[in-house]
Amino acid sequence: MAFRRRRILALYLLWKYLKSKRRLWVQATRPRRLQPREVRPPVREPRVDDAQFRRDFRLTRRQFDDLLRRLGDRISHQDTNYRLSIPAWQRLSICLRYLSTGDSFRSIANCFHVGVSTVQKIVPEVSTAIWDCLAGEFMAVPSTDDWRTVAEDFAQRWNFPLCCGALDSKHVVLKCPPHLRTVSLVVIAVVDANYCFRLVDVSGYGKTSDCGILANSAFGQALRDGSLRLPADRPLPGAEHKGAQPHVFVGSEAFPLRRNLMRPYPGRKLARDKDTFNYRLSRARLVVENAFRILSSQWGMYRRVIVIRPEVVEKCVKATCVLHNFMMMTSEDKEPMSESLPAFEGQLTSFSRVASNNHSREAVRVRETFTEYFSAEGIVPRQQGSSESHPPAPADQSVQLQ
């Protein structure tokens, strides 16, 4: 009797073990994943030339190796007795492939011989690692000295003194599974004079009206309470008699007029001094427009309909922004393009208005001071005779990531 009981218990435990055991690691119809012990990594095969490598991953081989060195320990997984883990170089390749093409997870899974669920886990994991490992060096929160350096670059390159950055905001339109309802992710960015992102605020998910976007963003709150650590007020160059003026950001007509945020004068057929101010402001603001165009042209996910969860899109957007800086700062060829960037922005759409324009008297006074300065002490030769139709920006205002 005891023997029979033990036999029944053993059969039950065997049945339970077989039922819970995972019989297949991958689908039978999927080719077996190549292991690094069997072949050389595909991204390093000699037949893949440098041009093809950059088309696939948007990075040069040197930049890819540098990025892999920075992320290797963060994205590596441990091998087990059952199978080898996906190596770090392949995890990085999968993530970069999605960011650069915007292909579906199923297409990328077939390309790398992995499961769709594996790609779904790798993309947000590696995107988070890219942001965490690169943001401290390539997109650190600017200090007072950093803002002062940015202002000097804007004065020298774009003839707009006391400017700490160009501000713009975009909608990233996506279809959120499982019901594929269309929502938008709000991206507010500050760009310096060299097309690098200094501040990026990703939030929204389309739940906030356009007028409340800036006020509810981290940048808007920091601008309002004065926690951005901007440099102290100082006179405009050659106009000490006008008194000390604040350091400002420049934005489009979608933004409100604030003491530290300049927007163009509305309307047409303006007075010459106001038209000159609009020209100088628009010329300085071109850097943020071109930065978003570079971002869209380099990372194909912005030119496709994004069909993943909003929290994953947020990680991908932040990863592409910091990779943009990484590529700009580590590029060996920094020569500007001879032609302007394409006008399209894919799924990145602009705002009509991001806040109500209830400006203060102090903000009006600051803008009027800049207006007088650009037509007097701060005049430049190229703005002469261009009040009716201003010429396009020079060719050196558009650069290409290398």
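How each quantity is defined
Residues numbered from 1 in each chain as written. Predicted model: local features only at pLDDT ≥ 70, side-chain atom pairs only at ≥ 80, totals over all residues. Heavy atoms only, no water. Helix = DSSP H or I, 4+ residues; strand = E, 2+ residues; numbered from the N terminus. Buried < 20%, exposed > 50% of the residue type's maximum accessible area, 1.4 Å probe, protein only. Contact = heavy atoms within 4.5 Å. Areas by Shrake-Rupley, 256 points an atom, 1.4 Å probe, with all protein chains shown as cover. Pairing = 2+ DSSP bridges. Phe/Tyr/Trp six-rings, centres within 6.5 Å; stacked < 30°, edge-to-face > 60°. Lys NZ or Arg CZ within 6 Å of the ring centre and 35° of its normal. Patch = residues over 30% accessible without salt bridge, like charges linked within 9 Å, V, L, I, M, F, W, Y side chains within 5 Å. Salt bridge = Lys/Arg side-chain N within 4 Å of Asp/Glu carboxyl O. Axes fitted to C-alpha atoms, helices over the stretch in contact; angles between N-to-C directions. Parallel < 35°, antiparallel > 145°, perpendicular 65-115°, else oblique. Left-handed = near helix turned anticlockwise from the far one by under 90°. Polar contact = N/O pair within 3.5 Å; in protein donor to acceptor, adjacent residues only side chain to side chain. Arc of directions from axis to C-beta. Core = buried A, V, L, I, M, F, W, Y, C linked by side-chain atoms within 4.5 Å.

Some details on the overall build of the protein
Consideration 1: Looking only at helices and strands, one finds twelve helices and eight strands in the protein.
Consideration 2: For the protein, with 402 residues in total, the buried portion stands at 49%.
Consideration 3: Long-range contacts, defined as pairs at least 24 residues apart, comprise 72% of the intrachain contacts of the protein with a sequence gap of at least 6.
Consideration 4: Carbon together with sulfur atoms contributes 51% to the accessible area of the protein, which is approximately 20700 Å² in total.

A closer look at the pairing of strand E1 (residues 163–176)
Consideration 1: Among the 14 residues that make up E1, twelve are buried, leaving the element largely enclosed by the rest of the structure.
Consideration 2: Two elements, E1 and strand E2 (residues 181–191), share eleven bridges in a ladder whose sense is antiparallel. When the bridges of E2 are listed, His-171 appears paired with Val-186.
Consideration 3: Hairpin remark: E1 followed by E2, antiparallel, with four residues in the connecting loop; positive phi at Leu-180, about 55°.

Thoughts on the packing of aromatic side chains
Consideration 1: All chains considered together, the criterion is met by 15 aromatic pairs.
Consideration 2: Where Phe-53 meets Phe-57, the ring centres are 5.2 Å apart and the plane angle is 55°; that geometry is what we call tilted. With Phe-53 and Phe-57 both in helix H2 (residues 50–57) and four residues apart, the pair spans about one turn of that helix. Comparing Phe-53 with Phe-57, the two get one shared label, buried.
Consideration 3: Both rings, one in Tyr-265 and one in Phe-277, keep their centres 5.5 Å apart while their planes meet at 70°; by these two values the pair is edge-to-face. With Tyr-265 in the loop between strand E7 (261–262) and helix H10 (272–298) and Phe-277 in helix H10, the pair connects residues that are twelve residues apart, well separated along the chain.
Consideration 4: Overall, the relative accessible area of 0% leaves Phe-277 in the buried class.
Consideration 5: Pairwise contacts between aromatic rings join Phe-160, Tyr-265, Phe-277, Phe-370, Tyr-373 and Phe-374 into one cluster.
Consideration 6: It is Arg-367 that lies over the ring of Tyr-265; its NZ or CZ is 4.0 Å from the centre.

Considering a nonpolar patch on the surface
Consideration 1: A cluster of nonpolar side chains, namely Leu-9, Tyr-12, Leu-13 and Trp-15, defines an oily patch on the protein surface of about 450 Å² accessible area.
Consideration 2: For Tyr-12, the position within the fold is in helix H1 (residues 2–20).

Details of the packing of helix H3 (residues 61–75) against helix H4 (residues 88–101)
Consideration 1: Their axes nearest at 9 Å, the elements H3 and H4 cross at an angle of 110°. Judged by the angle between their axes, H3 and H4 are roughly perpendicular. As for the relative orientation of H3 and H4, their crossing is right-handed in sense. Residues Phe-64, Leu-67, Leu-68, Leu-71, Gly-72 and Ile-75 of H3 form the contact with H4, whose own contacting residues are Ala-88, Trp-89, Arg-91, Leu-92, Ser-93 and Leu-96.

With respect to the side chain of Asn-278
Consideration 1: Tracing the chain through its elements places Asn-278 in helix H10.
Consideration 2: A distance of 2.8 Å separates the side chain of Asn-278 from the backbone nitrogen of Tyr-265, its partner in a polar contact.
Consideration 3: Ignoring anything within four residues of it in the chain, the contact list for Asn-278 reads Pro-264, Tyr-265 and Leu-270.

Examining the pairing of E2
Side-chain positions along a regular strand alternate between the two faces of the sheet.
Consideration 1: Here E2 lies mainly inside the structure; nine of its eleven residues are buried.
Consideration 2: The pairing of E2 with strand E3 (residues 197–203) spans six bridges and is classified as antiparallel. Bridged to Ala-189 within E3 is Val-200.

Points about the pattern of salt bridges
Consideration 1: Summed over the entire model, instances satisfying the criterion amount to 18 salt bridges.
Consideration 2: Two residues, Glu-125 and Arg-91, come together in a salt bridge whose shortest N-O distance is 3.7 Å. Within this pair, whereas Glu-125 is found in helix H6 (residues 116–138), its partner Arg-91 is found in helix H4, the two being separated by 34 residues in sequence.
Consideration 3: Relative accessible area serves as the criterion here: at 27%, Glu-125 is assigned to the partly exposed category.
Consideration 4: Taken together, the shared-partner salt bridges in this structure form one network comprising Asp-66, Arg-69, Arg-70 and Glu-137.

Side note on helix H5 (residues 105–112)
Consideration 1: Of the residues making up H5, those classed as buried are Phe-105, Ile-108, Ala-109 and Phe-112. Mapping the buried residues of H5 onto a view down its axis gives an arc of 105°, with all of them on the same face.
Consideration 2: One or two residues past the end of H5 sits His-113, with phi positive at roughly 60°.

Let's talk about the nonpolar core
As a rule of thumb, soluble globular proteins bury nonpolar side chains together.
Consideration 1: Within the largest apolar cluster, 92 residues are counted, with the highest numbers of intra-cluster contacts made by Leu-92, Ile-130 and Phe-197.
Consideration 2: Among residues more than four places away in sequence, those in contact with Ile-130 are Leu-71, Leu-92, Cys-95, Ala-135, Ala-319, Val-322 and Leu-323.
Consideration 3: Of all hydrophobic cores here, the second largest spans 16 residues; its members include Leu-167, Leu-199, Ala-222 and Leu-228.

Remember, this is a structural readout, not a statement about activity or role.
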